[in-house]
Amino acid sequence: MTVLAAIEAGLRTCGEVFRDPLGAPDRTPRHTIGEVSAASGLTAHTLRWYERIGLLDPVDRSASGQRRYSDADLHRLAFLGRLRLTGMPVADMLRYVELAREGDRTSADRRDLLLAHREEVRQRIADLHATLAVLDHKIDLYDGRVACR
């Protein structure tokens, strides 16, 4: 489906869905690998790899065999992108996805995985704040705002 056709049908574009993955996602396969690559910043190779290792469910195909991603796929990619941004290893991301596929009975396990990772992210943020303070101090030294000790 072209961007114009999606707009006329009242559907959000690939980029809009990726940037704002809220609400119940449309499961209609309609986004090309090129559109998803452009919206997500992931290469087509990475998208195929995510599918191959199981981070993404098998992607639907058009009659000619081309991958067609749904808004639900984009929602997952946006979440995975956030996890990668926080430094979560792919193995942990895969564990999370596997638990999610098992349904509601694994919600406590998924929560525990995210809680543990959140603590790692908070520690990394604290480390970065401390490092930033050191950098600020050095810059102040070079600017002559503080005396050398």
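Provided above is the structure to which this section pertains.
Residues numbered from 1 in each chain as written. Predicted model: local features only at pLDDT ≥ 70, side-chain atom pairs only at ≥ 80, totals over all residues. Heavy atoms only, no water.

J.: Would you take a moment to explain the layout of surface pockets for this structure?
T.: If you roll a probe as big as a water molecule over the atoms, it shows you where there is empty space left. One number sums up the size of the largest pocket: a volume of about 310 Å³. If you go around the largest pocket, you meet 14 residues; those closest to its centre are R27, D57, A72, H75 and R76. Secondary-structure elements contributing two or more residues to the lining of the largest pocket are helix 5 (71-85) and helix 6 (90-101). Among the elements that line the lining of the largest pocket, the one with the most residues is helix 5, at six residues. Considering only residue class, the lining of the largest pocket consists of eight nonpolar, two polar and four charged. (1 Å grid on protein atoms, 1.4 Å probe; cavity = no way out; pocket = protein on both sides within 12 Å on 5 of 7 lines; lining within 4 Å. Points joined across faces, edges and corners; volume = space filled by probe spheres on them. Helix = DSSP H or I, 4+ residues; strand = E, 2+ residues; numbered from the N terminus. Nonpolar A, V, L, I, M, F, W, Y, C, P; charged D, E, K, R; others polar.)

J.: What is the right way to read the environment of R52 from this model?
T.: With respect to the helices, strands and loops of the structure, R52 is situated in helix 4 (residues 44-53). Owing to a relative accessible area of 59%, R52 belongs among the exposed residues under this scheme. (Buried < 20%, exposed > 50% of the residue type's maximum accessible area, 1.4 Å probe, protein only.)

J.: How should the sheet that holds strand 3 (residues 67-69) be read in this particular structure?
T.: Across a sheet, strands are paired by hydrogen bonds formed along the backbone, either parallel or antiparallel in direction. Strand order in this open sheet of three strands is 1-3-2, and the pairing throughout is antiparallel. Strands at the two margins of the open sheet, each flanked by one partner only, are strand 1 (31-32) and strand 2 (60-61). Two elements, strand 1 and strand 3, share two bridges in a ladder whose sense is antiparallel. By the bridge assignment, H31 is partnered in strand 3 with Y69. (Pairing = 2+ DSSP bridges.)

Geometry only, nothing functional implied.
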